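# Geometric and topological summary
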Amino acid sequence: MDIFLQQILNGLVLGSIYALIALGYTMVYGIMGLINFAHGEVVMFGAMVTITVVTTLMNAGVGLPGPMLVLIGLLVAIPACMLLGYTIERVAYRPLRNAPKLAPLITAIGLSIVLQQVAILIWGRNYIPFPAILDHETIEIFGATITKLQLGIVALCLLLMVGLLVVVEKTKLGRAMRATSQNPAVASLMGVNVNTIISATFVMGSALGAIAGVMVATNYDQAHYYMGFMIGLKAFTAAVLGGIGNLGGAVAGGILLGIIESLGAGYIGDLTGGFLGSHYQDIFAFAVLIVVLIFRPSGLLGEKMADRA
Amino acid sequence: MSEVLLKIEGINKRFGGLHALSNVSLHINKGEIYGLIGPNGAGKTTMFNVLTGLYTPDEGSFTFDGNDLFRAPPHVVVKSGIARTFQNIRLFHEMTALENVMVGRHIRSKANALGAVLRNKATRDEEAAIEAKAWELLRYVGIEDVAYERAKNLSYGHQRRLEIARALATEPKLLALDEPAAGMNPSETESLKALMEKIRDGGVTVLLIEHDVKLMMGLCDRIAVLDYGKKIAEGVPEVVRKDPKVIEAYLGVAHE
Amino acid sequence: MTMDTNKKLAVFIASAIVLAVLPFVVGNTLGNSWVRTIDFALLYVMLALGLNIVVGFAGLLDLGFIAFYAVGAYTFALLGSPHFDIHLPFYISIPLGAGLAAMFGLLLGTPVLKLKGDYLAIVTLGFGEIIRIFMNNLNAPVNITNGPQGINLIDPIQIGGLSLGKAVEVFGFTLNPVHLYYYVFLFLTVMVVIMVYRLQHSRIGRAWVAMREDSIAAAAMGLNIRNIKLLAFALGALSGGVAGGLFSTFQGFISPESFGLLESIMILAMVVLGGMGHIPGVILGAVVLTIAPEILRDVIGPLQMKAFGKMLVDPENARMLLFGAAMVIMMLVRPEGMWPSKRRAAEFKDAKKG
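Residues numbered from 1 in each chain as written. Chains lettered and ligands numbered in written order. Predicted model: local features only at pLDDT ≥ 70, side-chain atom pairs only at ≥ 80, totals over all residues. Heavy atoms only, no water.

## Observations concerning the domain arrangement of chain B
Residue and element names in this part refer to chain B. Looking at chain B, the domain boundaries give domain 1 (4-81 + 172-251) and domain 2 (92-154). Of note, the centres of domain 1 and domain 2, computed from C-alpha atoms alone, are 29 Å apart. Residue-level contacts link six residues of domain 1 with four residues of domain 2. When the buried surface of domain 1 facing domain 2 is broken down by residue, Lys79, Leu195 and Lys198 rank first, second and third, together holding 68% of it. Summed over the shared surface of domain 1 and domain 2, the number is zero salt bridges. For the side of domain 1 that touches domain 2, the elements supplying multiple residues, two or more each, are helix 2 (74-80) and helix 7 (186-201). Looking at the side of domain 1 that touches domain 2, the element that brings in the most residues is helix 7, giving three residues. Classifying every residue of the side of domain 1 that touches domain 2 by side-chain character gives three nonpolar, one polar and two charged. (Domains from an automatic or database assignment. Contact = heavy atoms within 4.5 Å. Buried area = accessible area lost by both parts, 1.4 Å probe. Salt bridge = Lys/Arg side-chain N within 4 Å of Asp/Glu carboxyl O. Helix = DSSP H or I, 4+ residues; strand = E, 2+ residues; numbered from the N terminus. Nonpolar A, V, L, I, M, F, W, Y, C, P; charged D, E, K, R; others polar.)

Written out as structure tokens, the structure reads:
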């Protein structure tokens, strides 16, 4: 029983990070109908920049407590990633807005490769450890353990998601975003500057991605130039699972996927009589993705949009 | 003389809460031009899509030339002899006019992948026959001089004719035309009318949806009138024209 | 535009001669490692032409194509290596691998029939990754694929008594394995070119284009969309499977590392940057994207040493950077590819206007 609970908790932590990244995918998809393949790399840059800032500060002998250092790192990483997200849209997507669908997908993949290579240039090919400045103190809940840090991650994720929902539902910017996602042509006739809205979407998604990147890095104690690929793919799966284009769906999908993956990895050995082990963890995301797209392409919370799929 | 070609009974089609077709029954006789009219939103296009296999009806029966086509997929419907055109012309735009018609020959030819790769005599002969037939049809509808033009570069009237040629290439027993005269000027409409009569006289039954009631009255052998998803009248034009229900549907409370 | 028959014949003979002597000219001037690169270029031509059936002809975006290459490669390796100590001849294991790959093509194609565009891309990507994860992990509890270590000592092709794995003397010429494989690959590449060319100009090729342009109109013309899509997946996978088997025996060693996402992207890039749907364009794309990185490898290092006196960017890094940048720039500047068919060029032109 406590293994079950433990896996649920692990899944919850993982899942809230997926959810945060999934929001970036789903916002862009909702507005432009394209998969921002390079979003995973934004997440990676968020992690890398934060680690660099933290390490530099430590080496400079700045004697601040760990969480403060991370916060400063984030304050650098978030604008950096926002700028990156903005640039990605301007360079790779805006010129191709009317092109056949394949073109932006290819530029996105190309950009992804470029960003990974730039990361190698700056940070090298090896895993970069996250400095051991954060408390990994654990608490016990019904026989399962979770670190305070992980609790913090979940809490912050929830806070950010609620914040985003408020922005989208209650502000003028959010209204313009929703209008653009429903019909860009009409929105622009109504005086919405579609270009600005699209830029804003990328920038907001990138800010969330940067934070998520730091969470991934603290959770696994390391970062790597290739980390964006797998996490991005899983977050995308989460977005699809929840119903792409739907913010609540991205959150639900992220958490659900985290839990599925975690439980799957915990029990796959028992389920297959030991034939498949926990290193098959990664196939769950893909299997979920394929099953969802086949049986319910609109996702769990998505509207019916088979034609767009 | 009136042998039944197509017969539907009790067809129902719902989209969510919308009852687009309710309990519609009708039959089309061999060799006639059959018209389907009705105000906007009456269910004409839905009916048309049901008859050509694009929509699957919820209930009812659908037989065509002795085959049960209820809920049959489009390729089966076409194979049994119903071909259609689209209201908003759907050609293969980047293909030439000739190639468009050749695609229409697909179901009446059979070279498989192996045959295509080996390009044996049977395949070569078939390919030549496809091309010859396509030329013949382009001539039939009168656009052979634009055979090598890309479909999207053709004039509107030519595109309409090309779509008809492509549909005829499937060797239909019933040719279903969705508002073929839409957007045409009177002289184009007149020559289209002549083409439809030529097609009928060539032995192909024609089903027609049209807004232009005047055209329909002069062209169709029989007409059915749909209103709010129900058939309110059916018969020869002279009778339908005088039917009070039809007059009310058209002149009474506007539905638009 | 049509060349007269004499001119055609002349071009044909000239290219035949060039292709026949190419490995010797290259081998004697640039060295045998370049002949090896040309061999790989031929493999990639086969792969790219296979993917082109799916992406270029049928318009189905496949990001997991490498999985079929892997299936062909592993089939050959498992049936021709000390791993299981089975040594089937190539003329059995290559068709077997191709057939198996085609079956995997159907396996992938069936569930994704209704998906379009980006969604299809992501699902096929996932499929490719699943295959790779299995290859990586199917070494326990029963050792099938030998896991990340891969399979070694794969049999060379044996034709009669001749092993392509050893050098042979013919009339005083030394034919190295890279030369011998060149001719085998060339023969099969020509076969694949003929296959895809004939498919393109058949009722099946027309059906693919029709479906790509407007699947509803295509269905209304009686085309069985399901079968047409599956056929594209199966035939594409078949070519991938053949190339995989050849790769396996040529290389003598395979491991899951060779079948990652990046390889799928590379092949897609060959198709797209070359000129989707256009056979000469795709061939050009495959050749350029195989040869260019090798040239860069030889150039980037020395150039940096000359300019800066040290290595700033390691060649592998620079190569990938350029590759990624080329994909982006190409899409922005010339989305129809280096050598598009007239039809595609027109499509892109319209899209730009619209």
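## Some points on the interface of chain C and chain B
Chain C puts 29 residues into the contact, and the matching count from chain B is 34 residues. Counting the surface lost from both chain C and chain B, the interface buries some 2800 Å², and carbon and sulfur atoms represent 61% of this. It is Arg203, Arg206 and Met221 of chain C in chain C that bury the most area against chain B; as a group they hold 29% of the surface buried on that side. Taken together, chain C and chain B are joined by two salt bridges. One salt bridge in this structure joins Arg206 of chain C and Glu127 of chain B, with 2.7 Å as the shortest N-O distance. For the pair chain C and chain B, the number of links is ten residue pairs in polar contact (both at pLDDT 80 or more). Counting residues per element, the ones that place at least two in the side of chain C that touches chain B are helix 6 (177-200), helix 7 (203-213), helix 8 (215-220), helix 9 (225-251) and helix 13 (342-353) of chain C. Of all the elements, helix 7 of chain C adds the most residues to the side of chain C that touches chain B, at seven residues. (Polar contact = N/O pair within 3.5 Å; in protein donor to acceptor, adjacent residues only side chain to side chain.)

## Some remarks on the pairing of strand 1 (residues 4-15) of chain B
All names here are of chain B. Pairing between strand 1 and strand 2 (residues 18-29): eight bridges, direction antiparallel. Looking at strand 2, one finds that Lys13 is bridged to Leu21. Two successive antiparallel strands, strand 1 and strand 2, enclose a turn made up of two residues, where Gly16 displays a positive phi of approximately 55°. Summarising the sheet, strand 1 and strand 4 (residues 59-64) pair through five bridges and their orientation is antiparallel. Its bridge partner being in strand 4, Ile8 is matched across the sheet by Phe62. (Pairing = 2+ DSSP bridges.)

## Let's talk about unusual backbone geometry
A positive phi angle, near 25°, is found at Ile89 of chain B, a position not held by glycine. Residue Ile89 of chain B is classed as buried on the basis of its relative accessible area, which comes to 9%. (Buried < 20%, exposed > 50% of the residue type's maximum accessible area, 1.4 Å probe, protein only.)

## Re the side chain of Thr218 of chain A
Residue and element names in this part refer to chain A. By the element assignment, Thr218 lies in helix 8 (residues 194-220). Take Thr218: its relative accessible area is 5%, and that puts it in the buried class. Other than its neighbours up to four places away in sequence, Thr218 contacts Phe130, Leu134, His136, Leu149 and Ile153.

## Comments concerning the interface of chain A and chain C
On the side of chain C, 44 residues touch chain A, which itself brings 51 residues to the contact. For the pair chain A and chain C, the summed buried area comes to about 4000 Å², and 80% of that belongs to carbon and sulfur atoms. At the boundary of chain A and chain C, one finds one salt bridge. Inspection of the chain A/chain C interface yields one residue pair in polar contact (both at pLDDT 80 or more). Going through the elements one at a time, helix 3 (66-93), helix 4 (102-123), helix 9 (227-242) and helix 11 (281-295) of chain A are the ones with two or more residues in the side of chain A that touches chain C. It is helix 4 of chain A that provides the largest number of residues to the side of chain A that touches chain C, a total of 14 residues. Its residues placed into classes, the side of chain A that touches chain C shows 40 nonpolar, seven polar and four charged.

## Notes on the side chain of Ser264 of chain C
Residues and elements named next belong to chain C. The residue Ser264 is located in helix 10 (residues 261-275) in this model. Within the structure, the side chain of Ser264 is placed 3.4 Å from the backbone oxygen of Leu63, a separation counted as a polar contact. Beyond its immediate chain neighbours, meaning those up to four positions away, Ser264 contacts Leu63, Gly64, Phe65 and Ile66.

## With respect to the nonpolar core
Among the nonpolar cores identified, the biggest contains 235 residues, and Trp208 and Phe259 of chain C are the most heavily contacted of them. Of the residues forming this core, the biggest block, 17 residues, is contributed by helix 2 (residues 32-57) of chain C. Discounting chain neighbours no more than four positions away, the residues touching Trp208 of chain C are Ile53, Phe57, Ala58, Leu199, Ile228, Leu231, Ala232 and Leu235 of chain C. With 49 residues, the next largest nonpolar core counts Leu137, Ala167, Met216 and Leu219 of chain B among its residues. (Core = buried A, V, L, I, M, F, W, Y, C linked by side-chain atoms within 4.5 Å.)

## Quick notes on the pattern of salt bridges
All names here are of chain B. By the definition in use, this model includes 29 salt bridges over all chains. One salt bridge connects Arg166 with Glu163, and the closest N-O pair in it is separated by 3.8 Å. Of this pair, Arg166 and Glu163 both sit in helix 6 (residues 156-168), separated by three residues, roughly a single helical turn. You can call Glu163 buried: its relative accessible area is 1%. Note that Asp201 and Arg200 form a salt bridge whose closest N and O atoms lie 3.3 Å from each other. What makes Asp201 exposed here is its relative accessible area of 60%. Overlapping salt bridges, with partners in common, bring together Glu3, Lys30, Asp65 and Lys173 in one network.

## Quick look at the arrangement of the chains
The protein chains that touch form two pairs of chains, and the pair with the most contacts between them is chains A and C. Between chain A and chain B there is no contact; the minimum C-alpha to C-alpha separation amounts to 12 Å.

## Examining the sheet that holds strand 5 (residues 67-68) of chain B
Residue and element names in this part refer to chain B. The strand order across the open sheet formed by four strands is 2-1-4-5, and the pairing between neighbours is antiparallel. Pairing within the sheet leaves two strands with one partner each, and these edge strands are strand 2 and strand 5. Across the sheet, helix 1 (residues 44-51) is in contact with strand 1, strand 2 and strand 4; its angle to strand 1 comes to roughly 120°. (Axes fitted to C-alpha atoms, helices over the stretch in contact; angles between N-to-C directions.)

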